[in-house]
Amino acid sequence: MAKEPKIARKATVVEALIPILFLIGVLAYSLVKLDADPHIPLILGAFVAGLIGIFRLGFTWKEMEEGVLDTIRMAMQAVLILMVVGTLIGTWILSGTVPSMIYWGLEIISPAIFLPATTIICAIVSLATGSSWTTAGTVGIALIGIGQGLGMPLPLVAGAIISGAYFGDKMSPLSDTTNLAPAMAGTTLFEHIKHMLYTTGPALLIALVLYGIMGMKYAGKELDITQIELMRTTLEGSFNTLSPILLIPPVLVILMVVFKMPAIPGLIIGSLLGGVFASVFQGADLSSIINAAHFGYESQTGVVAVDELLTRGGLDGMMWTVSLILCALTLGGILEKTGMLEALANALLKFSKGTFGLVVATIVSCIGVNLATGEQYLSLVLPGRMYKNEYRKRGLHPKNLSRALEDSGTLLSPLIPWNTCGAYMWVTLGVHPFAYLPFAFLNLINPLISLFYAATGITMEKLPPEEMELVKKEIEEGIL
């Protein structure tokens with residue numbers, strides 16, 4: 001008699017928690033004790049999830065592999081964008097575009113507005129580079145020194161740096177998290193960025209007002225700008241010109257966003273413009289342009305802060321992030337295919353009534369993943385996969401989900417000491433995350449604005465009518 005194939009069953013909450021708890025332990029040990037990257041722990045977590053899927057839930061490896069490939073397939077646009085962004089950063093630095101943004105941003109420093117200016121400078125640099133880490137590790141260090149010279153509390157200065165750095169990290173199309181969140185939610189990059197303006201814009205304005213009020217008492221003190229001037233002089237001596245005309249490429253990319261050009265061709269055009277500007281304004285030859293696009297730009301000024309800031313970009317420079325995303329998606333794909341994410345989501349959704357409850361569940365999940373795993377990418381991948389279908393069921397556009405993911409997952413990660421982002425900021429700025437946490441105004445205010453919109457319905461965009469009809473059909477057919 002032929003043996004009947006084993007029928008897979010749904011995971012329980014306990015079974016779903018096993019790989020999560022295992023991952024927490026392995027990540028904590030690897031990050032804290034071994035100072036290792038999170039890639040291998042993620043793979044081990046996926047392996048444990050796979051074992052539970054096969055031996056406890058009755059799934060075959062082929063079924064789980066299909067789930068992994070489906071999940072990765074959904075994020076491939078983000079991966080391709082990141083690869084293009086790598087070439088763009090390399091050519092924009094070589095052309096002087098990124099250095100010009102930094103150079104002119106540093107020009108606005110003034111004692112009377114030091115804290116707001118710090119936030120704005122970090123926002124400009126982070127928008128230009130798409131990296132909060134690079135911003136904090138270069139300009140941030142210089143600004144910490146200036147604040148110390150003014151007698152300002154370092155946690156306050158660090159909070160202003162974090163706010164500005166993560167504004168750019170969240171809003172820049174060059175940022176990996178800004179690309180990953182819409183990929184997980186099922187929306188487009190530029191729709192995602194435009195929708196985030198409703199929460200991040202007001203949060204930045206409120207933060208600037210608060211920094212302005214708190215910094216007024218330091219307005220009469222003399223400003224020591226030695227470090228800033230060293231960076232500006234070095235930048236000026238390293239490029240043929242740092243004219244505002246070099247800001248044309250980012251302006252054109254923004255205009256392409258406004259006119260709804262798809263992200264990948266728009267960014268490719270931006271990268272090509274960077275190459276043209278590198279040739280025209282910096283005298284770069286074709287070999288240098290291709291190398292910058294492929295391997296990134298290498299700065300050799302001898303000034304550590306400038307070299308660390310500008311030595312980056314290139315196609316190869318994005319491979320660490322791409323591999324990390326693929327590892328996280330492998331875990332996420334298995335957790336989703338085996339129903340473990342559904343079990344965890346259903347447990348939370350029991351307490352989530354209406355749109356407000358759903359956004360609360362999303363934000364709480366992002367915070368929980370950040371706390372539990374110490375990894376920013378997972379705080380976007382796992383809740384994104386958990387709640388994607390629920391947002392559609394409730395008639396909410398997926399950009400509401402992608403915005404909630406970034407409002408919490410991206411912005412709150414540097415406030416957790418054992419998170420990779422929090423640990424980096426702690427070591428780089430020399431201030432404990434719990435010390436600067438009360439002063440990271442943008443990071444704290446943004447999730448509150450997101451919750452306010454969810455409670456009032458403001459900016460919570462619905463699915464278009466034709467999409468709602470499709471959702472109803474999918475619900476009737478049991479697909480959703």
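What this report covers is the structure whose coordinates are included nearby. (Residues numbered from 1 in each chain as written. Predicted model: local features only at pLDDT ≥ 70, side-chain atom pairs only at ≥ 80, totals over all residues. Heavy atoms only, no water.)

1. Observations concerning the overall build of the protein chain
Consideration 1: The helix and strand tally for the protein chain stands at 24 helices and zero strands.
Consideration 2: In terms of C-alpha radius of gyration, the protein chain reaches 23 Å, essentially the compact-globule figure of 23 Å for 480 residues.
Consideration 3: For the protein chain, the spread of C-alpha atoms along the principal axes amounts to about 85 × 50 × 50 Å.
Consideration 4: Going through the 480 residues of the protein chain one by one, you find that 57% of them count as buried.
Consideration 5: Counted over contacts in the protein chain with a minimum sequence separation of 6, partners at least 24 positions apart contribute 79%. (Helix = DSSP H or I, 4+ residues; strand = E, 2+ residues; numbered from the N terminus. Rg over C-alpha atoms; globule rule 2.2 N^0.38 Å. Buried < 20%, exposed > 50% of the residue type's maximum accessible area, 1.4 Å probe, protein only. Contact = heavy atoms within 4.5 Å.)

2. What about the nonpolar core?
Consideration 1: Counting 139 residues, the largest nonpolar core has Leu 310, Leu 378 and Tyr 387 as its most contacted members.
Consideration 2: With near-sequence residues (within four places) excluded, Leu 378 lies in contact with Leu 23, Leu 27, Leu 42, Ala 328, Leu 331, Val 369, Thr 373 and Pro 383. (Core = buried A, V, L, I, M, F, W, Y, C linked by side-chain atoms within 4.5 Å.)

3. Side note on the state of the cysteines
Consideration 1: Counting across every chain of the model gives zero disulfides.
Consideration 2: Cysteine Cys 122 is unpaired, with the sulfur of Cys 421 as its nearest cysteine sulfur at 15 Å.
Consideration 3: The buried category is assigned to Cys 122, whose relative accessible area is 0%. (Disulfide = S-S within 2.5 Å.)

4. Things to note about the environment of Ala 36
Consideration 1: Position of Ala 36 relative to the elements: it lies in the loop between α1 (13-33) and α2 (39-55).
Consideration 2: Residue class for Ala 36 comes out partly exposed when judged on its relative accessible area of 31%.
Consideration 3: Along the chain, Ala 36 and Phe 277 lie 241 residues apart, while their C-alpha atoms are 39 Å from each other.
Consideration 4: The contact partners of Ala 36, leaving out residues within four places of it in the chain, are Ser 30 and Leu 31.

5. Comments concerning a nonpolar patch on the surface
Consideration 1: Taken together, the side chains of Ile 245, Ile 248, Val 251, Leu 252, Leu 255 and Phe 259 make up a nonpolar region of the molecular surface, amounting to roughly 520 Å² of accessible area.
Consideration 2: If you trace the backbone, Ile 248 turns up in helix α12 (residues 248-258). (Patch = residues over 30% accessible without salt bridge, like charges linked within 9 Å, V, L, I, M, F, W, Y side chains within 5 Å. Areas by Shrake-Rupley, 256 points an atom, 1.4 Å probe, with all protein chains shown as cover. Salt bridge = Lys/Arg side-chain N within 4 Å of Asp/Glu carboxyl O.)

6. Side note on the packing of aromatic side chains
Consideration 1: Scanning all chains against the criterion turns up seven aromatic pairs.
Consideration 2: With a centroid separation of 4.4 Å and an interplanar angle of 5 degrees, the aromatic rings of Trp 133 and Tyr 424 are classed as stacked. Highlighted residues: Trp 133 in helix α7 (residues 132-149) and Tyr 424 in helix α21 (residues 420-429), separated in sequence by 291 residues.
Consideration 3: Overall, Tyr 424 belongs to the partly exposed group, its relative accessible area being 25%. (Phe/Tyr/Trp six-rings, centres within 6.5 Å; stacked < 30°, edge-to-face > 60°.)

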